[in-house]
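# Fold and geometry: a report
In case you want the letters, here they are:
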Amino acid sequence: MIRSLLLVSLLAGGLWQIGQGGLVQVKALMGQLLLERAFAAADADEPVQIPWPGALSHPVARLHLPDRGIRRLVLDGANSPVLAWGPGMESGPNGHHLIAAHRDTHFRFLEHVEPGETMSVEWVDGSVEHWRVAEREVVDSRTTAIDMGLEADQLTLVTCYPFTATTSGGPLRLVLTLTPENGPLTTDHRLPKK
Amino acid sequence: MYNFKRIIIMAWLLIVSPMLAADQPAQLWLHSGGDSERHPAMLLETDVDIEVSGMLGYTLVTQRFVNTSDQWAEGRYLFPLPDDSAVESLRIQIGDRVIEGEIQERGQARETYRTARNQGQATGLVEQQRANVFTTRVANIAPGETVDIQIGFRQTVQYRHGRFNLVFPTTVAPRFGQVPGSDGMTTPVREAGQAGDRALSLRVELRPGMELAALQSSHHLIETDYNGERWLVTMADEHQPISRDFELEWIPDPSRPIHGVVFQQHLGGLDHLLLMMVPPEEFTSDRTPREQILIIDTSGSMRGDPMDQARRSLLFALEKLRPGDRFNVIEFNHRTQALFDQPVAATNANIHRASRFVENLRAGGGTVMGPSLNKAMSYAEREGFIRQIVFITDGLIHNEDEVSAQVRREIGNSRLFNVGIGHGVNSQFLTDLARYGRGTYTRIADLDQINQRMGELIVQLGTPVLHDIELHWPGEAEIYPSRIPDLYTGEPLVVSARGEQLMGDVLVTGLSDGRPWQQKIPMESFQLAGGVAAHWARAGLRSRLDERFNGADPGLIRESVLDLALEYQLLSPFTSLVAVDQTPRRTRQAALRRHDLPTDLPHGRELAGVGDRVMMRAMPATDAGSESSLLRGALALLLIGLLLGHKRMTRDVEHEEERS
């Protein structure tokens, strides 16, 4: 009796957990594919393209690491529902951009990104910026916040740390600080945040 | 088979338990309306202000948090306080609004809080969860806003053998474990080597009430300043590591005689006085004979080192008996056995016999402690002797109320000294009992402390510095404790009184070294101190709660405790602190507004490249948890396979056996 109860609850729990985990991965993959069309359709005149009816957000940029073969479409807003579909971006009033994504999906590759590496950001208007990783550090989210008041010459990438953690919701975050690859930016191509 | 089942059950727990809400330990947790996510609020700084008058400490802790989320939020946090402390005030500053807490009946306070919270008012609530664990909740914190939570609590300064000692646990948050009845919250835990990041400023204003020989801090560098009446202690450097508790120690001039001092506070039309008497560090008397009854626990759990050490302590005590004293030794496990029928004179022959008895004591059997105490208290009291019962045990007392009631009924003029050995002891119970028995409680947690602690106790037992004490107040007074204990070396005597007109000298009389002794503390020497009334009220609360041992009706006790707690605005098992801002501040529009609220640059934090306006954003949650889910799922399926495979294997083996 106890054995069958155990079996049933194990089966139910196991399948549920696998379903949950699988759903996250599928959403992450599907999101990127579905967003392509919206990103392609967006331009300087029509920057906001709703990817599908009822979507929570829309793509604003593409993050590109040619050496690693990584392309990620970045969405507007860095809260949990948005992050399920893709990395999310928030922007401060002075031009500082923050991109956050899950450590087990879109930002898994950050595990191996070291200072000195470069990546590019392609905005919906077609302009491209080149950035270089200046700093890589692990911080405690209980004692550290992100200063959104910084200037436009900084891009911050955030994901959870460590990548090998077997439980979720830990306090540590990996923070990558990027600076423009060829000195200070001369013009700010970036779209103002609505 | 049994082991296999156990593995399955453990694995099942491993897989299933993360699905049940697992609380993250940390400090102030912010909950947003309708959102199940919780964000840790960022602790910006902690400011501690302590005032000490004699043995009364009043501490104001101010912690500044910032709501780094983009939602209106409710914050909750738990904080343990030093033993014997009581929360007295709550003050919350949200943005530029200040709200002060007031004491209400517990259920009513919770209702007040809920109503205010749901109406969008800024509000806060402090509840007592356990004797020394309190929870605070603050509702309707705007996105990006800073919140200052200021909690005022009283604590008693410790005094042991010539040293006053005040501890502020810098871990005033962390202690791990679930607290029953507190919505399943866990108390914060601090990770090793991570605390130095927080800024702590600490300031102590000390009025010791006597000349000091030394003032020092055990773990921190301090600066002191003396103006002839009070000492001002500050941290020499605010960036000192705060991973160690702040501990301040002051030592009175050791050459002084018995020193009495009175602190005074006038509150609500009544005078409150607090008398503190500090014994001299060394005192011997050869004129007051004692009758010592030594009771020793010889139950099975004492086997080994504890028994060995207890035996040695007893031999030490026997050695210190003086000609003219009387004594007896009683052992108990599940039965009680006394060496002599009645206490006998401390002659060489009797002491020799007792030593042999003690050396032959062996541990074994159960623990029934009532009859041994009963026997000790039943001996007829002898004129001219002070009876001291020394009760040594390592056990948990199961029928506490019964033992307590028995002692209260029968203690008479005997003094009770309890010694608790090991970690399984109910210290609070033994302390209360000893207090009622006008003796002391000595706790020996580790066996290597036994010699030192027993040595100190034996010195105390030597003879009270002052006994049969009578206090003459300048008017009709309600005093606590109602039975005045003796004054022993190493323990100060603290008595508080309340009355309508207590303006006049206080006279203390008693017997010291066999002779009458008296001291007058003139009214002009009274020192004004803030905590006197609160101390009196707390002693009153404790005494009223203790009425249950005398068989009082729980309903009446609750009523009288509630009256006192409301009159003196004290937190108690039946009252909570609640603070409400009368103006509603949260509207639906505001709740939907994004967090583009600038906050002032938090003091004590450096943020590179910013002016006087800062925009803080909490770290986003960046873990979808898919891997842990997949891992747990795979583990579950693996186990199902194992379970089924195991079943088949066992069946196959059974078939084989049947065939052969």
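Since this is a predicted model, take the numbers as computed values, not measurements.

Thresholds applied
Residues numbered from 1 in each chain as written. Chains lettered and ligands numbered in written order. Predicted model: local features only at pLDDT ≥ 70, side-chain atom pairs only at ≥ 80, totals over all residues. Helix = DSSP H or I, 4+ residues; strand = E, 2+ residues; numbered from the N terminus. Buried ≥ 20, exposed ≤ 12 C-beta atoms within 10 Å, placed from the backbone. Contact = placed C-beta atoms within 7 Å. Pairing = 2+ DSSP bridges. Axes fitted to C-alpha atoms, helices over the stretch in contact; angles between N-to-C directions. Parallel < 35°, antiparallel > 145°, perpendicular 65-115°, else oblique. Nonpolar A, V, L, I, M, F, W, Y, C, P; charged D, E, K, R; others polar. Expected span 1.5 Å × (residues − 1). Arc of directions from axis to C-beta.

With that settled, the discussion passes to the overall build of chain A. Of regular secondary structure, chain A possesses 2 helices and 9 strands. Of the regular secondary structure in chain A, the N- to C-terminal order runs α-β-β-α-β-β-β-β-β-β-β. The proportion of buried residues among the 194 residues of chain A is 36%. Relative to all contacts within chain A whose residues are 6 or more apart in sequence, the contacts with residues 24 or more apart total 54%.

Here the focus is the sheet that holds strand β15 (residues 212-217) of chain B. Residues and elements named next belong to chain B. With antiparallel pairing, the 4 strands of this open sheet are ordered in space as β12-β13-β18-β15. Two strands bound the open sheet, and with one partner strand each, they are β12 (158-160) and β15. Strand-to-strand twist in this sheet, taken as the mean axis angle between neighbours without regard to direction, amounts to 20 degrees. Pairing of β15 with strand β18 (residues 246-252), which is carried by 5 bridges, proceeds in the antiparallel orientation. Bridging across to β18, Leu212 finds its partner in Pro252.

All names here are of chain B. Remark: helix α6 (residues 400-410) packs on helix α7 (residues 427-436), axes separated minimally by 10 Å, with the N-to-C direction vectors making an angle of 10 degrees. Here α6 lies roughly parallel to α7, going by the angle between them. Residues Glu400, Ser404, Val407 and Arg408 of α6 form the contact with α7, whose participating residues are Phe429, Leu433 and Tyr436. Of the residues assigned to the contact of α6 with α7, the class counts are 4 nonpolar, 1 polar and 2 charged.

Okay, helix α2 (residues 106-118) of chain B next. Since the α-helix turns once every 3.6 residues, residues separated by three or four places project in the same direction. Residue and element names in this part refer to chain B. Here α2 spans 18 Å end to end across 13 residues, near enough to the 18 Å set by a 1.5 Å rise per residue. Among all positions of α2, only Ala109, Tyr113, Ala116 and Arg117 are buried. The buried residues of α2 occupy one face: seen down the axis, they fall within an arc of 100 degrees. Across α2 from its buried face, at more than 90 degrees, point the exposed residues Gly107, Gln108, Thr115 and Asn118.

Residue and element names in this part refer to chain A. As paired elements, strand β2 (residues 70-76) and strand β3 (residues 88-91) share 2 bridges and run parallel to each other. Following the sheet pairing, Leu75 is matched in β3 by Gly88. Of the pairings in the sheet, the one linking β3 to strand β4 (residues 97-100) comprises 4 bridges and is antiparallel in character. By the bridge assignment, Glu90 is partnered in β4 with Leu98. Between β3 and β4, which pair antiparallel one after the other, the connecting turn spans 5 residues, and Gly95 there sits at a positive phi close to 105 degrees.

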